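# Coordinate inspection notes
Spelled out from the first residue to the last, the chains are:
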Amino acid sequence: MIWTLGLITLLGMAVIVGARYRTKTSSNYASVTAAEMAAESAVNLAIATALTAAPEQAVNFPLRCRLPGGERATITVEEETGKIDLNTASAAALTRLFTALTGDQSRGTRIAAQIIEFRKPKAQITPAAGPAETRFTTVMQLDQIDGMSPRLFRTALRHVTVRSGRPEPDMEAASPAMLRLLNVEPKQATAKRGLPTGGSMTIRADISALDGTRFIREALVSLEGGNGRPYVIREWRRGDIDSSSPRQERPQGAARACLRVREAAAS
């Protein structure tokens, strides 16, 4: 009888612990989903704010504000011209980037050579058709390069593009993260930049929820999207936390409401 009661008690405890675990898991999933939706809203808010603001009311980025749900948002704009273009960058530019990312000159050189080899025209099965041009159509193809570990791939994504067409990045348009990586001193005049009037850029929304959940969403956006559209979102990505960023870049203390910033820019 005692053993039976003990077994029933043990089973009851297991059921309670399991129920608590499922409740916690569901709560965590809901928190992440809410933060993800907030991040996408912040991206769209940034686009709307920048496109409707008058020149004298231009909003500077990074923009730190508070969303209606209480989430703190840090919204940055990273111009594609300030990144390394996988299709057009010189061997020197590619080597400099991947040497900085890996801390290994030899490995950086090998990865740069693999990227240049990847984008060379490839022979087709039918010779009459001529060589087929191979190009990176998205930065996500970087994971096809030999020597690209998962960690290096995720770290490199923020610093590469397929939409600048430049052999070297424009350092005046480069993000603070890129400047720190390449040990380039930022110019005081370009410490804060508004949304560019053309071309492509990545809008990055870093969301911190009240319960501590953090989610980063990135959107590759091209202005003047064609067919009468003022812009087009070409790609959504989940961003990684930049461990090299200074702590003060995270939203702290009192913050303006994001909608007030939007209304002030539109008025």
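Definitions and limits used
- Residues numbered from 1 in each chain as written.
- Predicted model: local features only at pLDDT ≥ 70, side-chain atom pairs only at ≥ 80, totals over all residues.
- Heavy atoms only, no water.
- Helix = DSSP H or I, 4+ residues; strand = E, 2+ residues; numbered from the N terminus.
- Buried < 20%, exposed > 50% of the residue type's maximum accessible area, 1.4 Å probe, protein only.
- Contact = heavy atoms within 4.5 Å.
- Areas by Shrake-Rupley, 256 points an atom, 1.4 Å probe, with all protein chains shown as cover.
- Disulfide = S-S within 2.5 Å.
- pLDDT = per-residue confidence, 0-100.
- Expected span 1.5 Å × (residues − 1).
- Polar contact = N/O pair within 3.5 Å; in protein donor to acceptor, adjacent residues only side chain to side chain.
- Core = buried A, V, L, I, M, F, W, Y, C linked by side-chain atoms within 4.5 Å.

Moving on: the overall build of the protein chain. Check the secondary structure of the protein chain and you find six helices and eight strands. Starting at the N terminus and ending at the C terminus, the protein chain contains elements arranged as α-β-β-β-α-α-α-β-α-β-β-β-β-α. Every one of the 267 residues in the protein chain was classed for burial, and the buried ones make up 40%. Counted over contacts in the protein chain with a minimum sequence separation of 6, partners at least 24 positions apart contribute 63%. Surface summary for the protein chain: the accessible area is close to 15400 Å², and the carbon and sulfur share equals 56%.

Relative to the elements of secondary structure, Pro 176 occurs in helix H5 (residues 176-181). Sequence separation between Pro 176 and Pro 186 is ten residues, and the spatial gap between their C-alpha atoms is 7.5 Å.

Right, let's talk about the state of the cysteines for a bit. The tally for this structure, following the rule as stated, stands at one disulfide. What pairs with Cys 65 in a disulfide is Cys 258, and their sulfur atoms sit 2.0 Å apart. Since a negative S-S torsion denotes a left-handed disulfide, the Cys 65-Cys 258 link at about 90 degrees is right-handed. Within this pair, whereas Cys 65 is found in strand S1 (residues 63-66), its partner Cys 258 is found in helix H6 (residues 258-266), the two being separated by 193 residues in sequence.

For the protein chain, the average pLDDT comes to 80, and 70% of its residues sit at 70 or higher. Counting contacts from residues 246-252, a segment whose pLDDT is below 50, to residues more than four positions away or on other chains yields twelve contacts.

Attention now moves to helix H3 (residues 105-118). Here H3 contains 14 residues, and its C-alpha end-to-end distance of 20 Å stays within 8% of the 20 Å for a straight helix at 1.5 Å per residue. Where H3 is buried, its residues contact helix H2 (91-102) and helix H4 (150-156). If you check the start of H3, you find a side-chain oxygen 2.9 Å away from the backbone N of Ser 106, and it comes from Asp 104.

What follows covers the nonpolar core. Counting residues in each nonpolar core, the largest one holds 27 residues, and the members touching the most others are Ile 84, Leu 86, Phe 98, Ile 115, Leu 142, Ile 145 and Met 148. Of all the secondary structure elements, the ones that give two or more residues to this core are H2, H3, H4 and H5. Here Leu 86 is in contact with Ile 115, Arg 119, Phe 136, Val 139, Leu 142, Val 160, Thr 161 and Val 162, once residues within four sequence places are set aside. Ala 35, Ala 38, Val 77 and Ile 203 belong to the second largest nonpolar core, which has 24 residues in total.

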